[in-house]
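# Survey of secondary and tertiary structure
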Amino acid sequence: MDIIRKHYGAVKYERSERWLEAEQYLFYFPPLRFNRFLLFPAALLIQLSVGSLYAWSGYNLPIEAYMYGRNGSIDRNIASNIFYVAIGVFGITTAVMGPWLERRGPMLGCMLGAVCFYTGNLLAGLGVYTKHIELIIFGYGIFGGIGLGVAYIAPVSPLQKWFPEARGIAAGVAVCGFGGGSIIAPYSQKFLIGVNYHKTGEVGIVGVPLTFVILGSIYFVAMMLSALVLRMPPPGYTVKGITVDTIKGAEGYQSKPIVVAVGSAEDSKDILDQKDVLEKINIEDAESSNSSKVGADTNIFAMTLAESLSSSEYWFMWFMLLGSQVTGLVIISKIQSIIQNQFKRNAETAALINSLLGGCNLLGRLVMPLISDVLPHVTGGVAGRKSIFLFSLCTQVVCLSMLPSIVDNQQLNGFLGCIFAIAFCYGGSIGTIPAFLADQFGAKNVGATHGIILMAWATGAVAGGLTFTQVLKQEQIKYAPNIVPIYNLNFRWLLGPVFFGLIACILVKTNLRDRRLPCVEGEVLRLRFVNGRMLRFYRTGRIHMLSKHEEDREWSEYLRALGH
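Because the structure is predicted, anything quoted here is derived from the model rather than measured.

With that settled, consider the overall build of the protein chain. Check the secondary structure of the protein chain and you find 23 helices and 5 strands. For 564 residues, the compact-globule estimate of 2.2 N^0.38 gives 24 Å, and the protein chain sits close to it at 25 Å. C-alpha extents for the protein chain along the principal axes are approximately 75 × 60 × 45 Å. The buried share among the 564 residues of the protein chain stands at 56%. A separation threshold of at least 6 residues defines the contact pool for the protein chain, and within that pool the share at least 24 residues apart is 76%. Looking at the protein chain as shown, the accessible area adds up to about 22,900 Å², and 64% of this sits on carbon and sulfur atoms. For the protein chain, the centre of its 47 positive side-chain charges and the centre of its 38 negative side-chain charges are spaced 7 Å apart.

Set out below in structure tokens:
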């Protein structure tokens, strides 16, 4: 337990003065100077590489045809399980390695991810060649999943720290390439494997095994070169008064620097015990110097990683993300099979639709985070990043409700409209979540909070995907030989987690006053009404809407109690 507590405790990235000076240059020596905007193309290349995971559905039929023989392009639901294993390992990796990356830096994290992902691709190619599914699972599922997880979060944390004034677009660009991977990868896979290989056995340029080797090598080079650009901002970095500690709504509430002499770790602990919440500093910081600034450049509402992870808002956001992701994940993994089997289109059309789906995913990752930056300004603070998730979840509820009848009636255009809307909302949610986390808990914690919350994404993929597959197998038996309606039950049960995520989203408190004002006697719940005023719910059943004057008075008294 001590190891776990220490791992998820304070995160601090330390660099020598010499290294900080070197980081002023793009390649760590003169003459090219580093510019924070160079992080965007580096992040894009990294995410395009690891985003090839989204094109795994293009491997399902060719792998099964190579290993088990052609069967008329019927999905055996064997190779698709590797996708779920990779995502499961991906989620565990981000949760475990998030704090490590904050301590070691994004460059090292990305390089580790590149090596693991490359190894996974090589082992997958060998597994296909030798016809051992276990080796593919171990290679791409385990090694590849580890590499995917570390590399995915590597550019997110530095972008949130370098662009605190534009967290939404920084988050969107950081992860948009992951959606873009499914635009490019399906065509490169078909070109190398053979467009109709699973039907006719006709090999393209190199066939299935070597496709993993060639694409894996390209991804490795792109990721290693991009890793050199990644770095954290220097200590004390501030943009428009916003630091890595600042949470949304707490701008301007900075604590006053207090210089204290520190003789030892024990002395520092005694001093800390005498300070109130405004002057908290981690004991590790006090130990690092004989003269430390307590509370210097620290926001009075700054949260430690432990405080962030133990808050109710964090876990409501966890379930909110789970609900917003599960539908997109299972549809992405099956889209090419659905297009070919349910709607009787050819492989080229299926690959095209898979790419268009990836385009919607990518567009959502860019557009919705950008809107989340703009919304507070145009609505006077009434709407923000939470509104993005409310829109996403409501849209998915509507689309899932319509899909069974659309498939039964073979309305391809209606089906495409629904899945493109789901993909857009799916991408928008995953693109907005890093900025939402930075708003709620501070950019300094975003590497760890983002890593752990991606377990919700992985849970949706693994639990949702395996349930989806099991239900699909039962429906195939039930409706054989008619395969058109076999996905309808899956579309219906997916409404459950999406609706649950919607409830969790409603319960997330985003207003600083809602989060920090102490509860009054008998209060059990508080929500922010659409007119911006606070609603209090009491045990007695009474509901009270505070006037602006009442709320301002309570807030002023609270700040005075804190000494601000």
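Attention shifts here to helix H17 (residues 385-408). For H17, built from 24 residues, the straight-helix expectation of 34 Å at 1.5 Å per residue is met to within 8% by its first-to-last C-alpha distance of 36 Å. The axis of H17 is deflected most strongly, by about 35 degrees, at Met402, and proline Pro404 appears within four residues downstream. At the C-terminal side of H17, Gln410 shows a positive phi close to 55 degrees.

This brings us to the side chain of Thr449. Positionally, Thr449 belongs in helix H19 (residues 446-479). Looking at Thr449, the relative accessible area reads 0%, which means it is buried. Sequence-distant contacts of Thr449, defined by excluding residues within four places in its chain, comprise Leu305, Ser308, Leu309, Tyr314 and Leu437.

What follows concerns the packing of aromatic side chains. Within a pair of aromatic rings, the relevant descriptors are the distance that separates the centres and the angle that separates the planes. Under the counting rule described, the total for this entry stands at 31 aromatic pairs. Residues Phe468 and Tyr487 carry aromatic rings whose centres are separated by 5.8 Å and whose planes lie at 40 degrees to one another, so their mutual orientation is tilted. Of this pair, Phe468 sits in helix H19 while Tyr487 sits in the loop between H19 and helix H20 (488-493), placing them 19 residues apart in sequence. Tyr487 matches Phe468 in its accessibility class, with the two residues each being buried.

Before going further, it helps to spend a moment on unusual backbone geometry. Pro31 follows Pro30 through a cis peptide bond whose omega is 15 degrees. Here Pro31 is to be found in the loop between helix H2 (17-22) and helix H3 (39-50). Note the cis peptide between Ala480 and Pro481, where omega equals 5 degrees. Mapped onto the elements of the fold, Pro481 is located in the loop between H19 and H20. In this structure, Lys344 is a non-glycine residue whose phi angle is positive, near 55 degrees. Considering the arrangement of structural elements, one finds Lys344 in the loop between helix H15 (312-341) and helix H16 (347-378). You can call Lys344 exposed: its relative accessible area is 55%. Not every positive phi belongs to a glycine, and Gln410 is a case in point at roughly 55 degrees.

The predicted coordinates should not be examined in detail at positions where pLDDT is low. In the predicted model, the protein chain carries a mean pLDDT of 84, and the fraction of residues at 70 or more is 90%. Under a pLDDT of 50 for its full length, residues 256-297 has, in the predicted model, 52 contacts with residues more than four places off or in other chains.

Among the secondary structure elements, Leu20 is positioned in helix H2. It is 36 Å that separates the C-alpha atoms of Leu20 and Trp315, two residues lying 295 residues apart in sequence. Not counting residues up to four positions away in its chain, the partners in contact with Leu20 are Arg15, Pro234 and Pro235.

Our focus in this paragraph is the pattern of salt bridges. One pass over the structure, following the stated rule, counts 15 salt bridges. Close ionic contact of Arg385 with Asp439 constitutes a salt bridge, the shortest N to O distance being 2.4 Å. One end of the pair, Arg385, is in helix H17; the other, Asp439, is in helix H18 (residues 412-441), and 54 residues separate them in sequence. Exposure class is identical for Arg385 and Asp439. Each is buried.

Okay, the packing of helix H9 (residues 167-193) against H16 next. A pair of packed helices is captured by two measures, namely the crossing angle of their axes and the spacing between those axes. At their nearest, the axes of H9 and H16 sit 7 Å apart, and the two run at 175 degrees to each other. The pairing of H9 with H16 is recorded here as roughly antiparallel in orientation.

A word on the packing of helix H5 (residues 80-104) against H19. One way to put it is that H5 packs onto H19 with a least axis distance of 7 Å and a crossing angle of 165 degrees. With respect to H19, the element H5 is oriented roughly antiparallel. Crossing handedness for the pair H5 and H19: left-handed. Partitioned by chemical class, the residues of the contact of H5 with H19 number 16 nonpolar, 9 polar and 1 charged.

Calculation notes
- Residues numbered from 1 in each chain as written.
- Predicted model: local features only at pLDDT ≥ 70, side-chain atom pairs only at ≥ 80, totals over all residues.
- Heavy atoms only, no water.
- Helix = DSSP H or I, 4+ residues; strand = E, 2+ residues; numbered from the N terminus.
- Rg over C-alpha atoms; globule rule 2.2 N^0.38 Å.
- Buried < 20%, exposed > 50% of the residue type's maximum accessible area, 1.4 Å probe, protein only.
- Contact = heavy atoms within 4.5 Å.
- Areas by Shrake-Rupley, 256 points an atom, 1.4 Å probe, with all protein chains shown as cover.
- Lys, Arg positive; Asp, Glu negative; His and termini not counted.
- Charge placed at Lys NZ, Arg CZ, Asp CG, Glu CD.
- Expected span 1.5 Å × (residues − 1).
- Bend = angle between axes of the 7 residues up to and from the residue.
- Phe/Tyr/Trp six-rings, centres within 6.5 Å; stacked < 30°, edge-to-face > 60°.
- pLDDT = per-residue confidence, 0-100.
- Salt bridge = Lys/Arg side-chain N within 4 Å of Asp/Glu carboxyl O.
- Axes fitted to C-alpha atoms, helices over the stretch in contact; angles between N-to-C directions.
- Parallel < 35°, antiparallel > 145°, perpendicular 65-115°, else oblique.
- Left-handed = near helix turned anticlockwise from the far one by under 90°.
- Nonpolar A, V, L, I, M, F, W, Y, C, P; charged D, E, K, R; others polar.

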